[in-house]
Amino acid sequence: MRCPNCGNIDDKVLESRSIVNGECIRRRRECTVCGYRFTSYERIEEKPFMVVKRDERRQPFDRTKLEKGIERALEKRPVSMNTIEQLCINIEATAINLSKESREIKTSDLGEIVLEQLYNLDKVAYIRFASVYRHFENLDEFITEVKNINNRNKSEGK
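Overview of the structure. (Residues numbered from 1 in each chain as written. Predicted model: local features only at pLDDT ≥ 70, side-chain atom pairs only at ≥ 80, totals over all residues. Heavy atoms only, no water.)

1. Things to note about the sheet that holds strand β6 (residues 104-106)
Part 1: Taken together, the 3 strands give an open sheet; going across it, the order is β5-β4-β6, and neighbouring strands pair in mixed fashion. At either margin of the open sheet sits one strand with a lone partner, and together these are β5 (58-60) and β6. Ignoring which end each strand starts from, the neighbouring axes of this sheet average 30° apart.
Part 2: Two strands pair when backbone bridges link them, and strand β4 (residues 50-52) and β6 are joined in this way by 3 bridges, in the parallel orientation. From the neighbouring strand, V52 faces β6, where its bridge partner is K106. (Pairing = 2+ DSSP bridges. Helix = DSSP H or I, 4+ residues; strand = E, 2+ residues; numbered from the N terminus. Axes fitted to C-alpha atoms, helices over the stretch in contact; angles between N-to-C directions.)

2. Digging into helix α2 (residues 81-99)
Part 1: In this model, α2 (19 residues) spans 27 Å end to end at C-alpha, consistent with the 27 Å of a helix rising 1.5 Å per residue.
Part 2: Listing the buried residues of α2 in full gives I84, L87, C88, I91, A95 and S99. With its buried residues spanning 100° around the axis, α2 presents them on a single face. Facing away from the buried side of α2 by over 90 degrees, the exposed positions are N82 and N97. (Expected span 1.5 Å × (residues − 1). Buried < 20%, exposed > 50% of the residue type's maximum accessible area, 1.4 Å probe, protein only. Arc of directions from axis to C-beta.)

3. Regarding the pairing of strand β1 (residues 11-19)
Part 1: Two strands pair when backbone bridges link them, and β1 and strand β2 (residues 24-31) are joined in this way by 8 bridges, in the antiparallel orientation. Across the sheet, residue R17 finds its bridge partner in β2, namely R26.

4. Side note on the environment of R37
Part 1: Among the structural elements, R37 can be located in strand β3 (residues 37-43).
Part 2: Once the C-alpha coordinates of R37 and P4 are considered, the two residues, 33 residues apart in sequence, prove to be 9.2 Å apart.
Part 3: Among all residues touching R37, those that are not within four sequence positions of it are L14, R28, R29 and E30. (Contact = heavy atoms within 4.5 Å.)

Take a look at the structure:
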């Protein structure tokens, strides 16, 4: 660690303390040349959670982008903002859990997680999201998806 007073890289650690529930270490240091005391902090640098696009590009997971898509699907539906927030938290947690150590998830897998959560919450929002996500080309594809929901509801006893 470089001394902020004289620039020397020789120092000794006087005290180490874990802070922020063990996520950070605070160290009191003393320069061996000039005797100046200073504090340093160490944190784990986590690999960011990435989304793998269809063309294999990778970009950091953007929760705001997820929220906007879900809010658009749930527009004018009787769903509170708290419910939307909790839904986004659940989707993100599920995605991170599925990605395991790689900390990456394909957009197709992420989209399926969103569809599953929306299906359980609101069927209209599910259809809205599915029509954009699955790129419905015509009315027949839309009708087929609605029929699939009806068949799924019947098999689940709803």
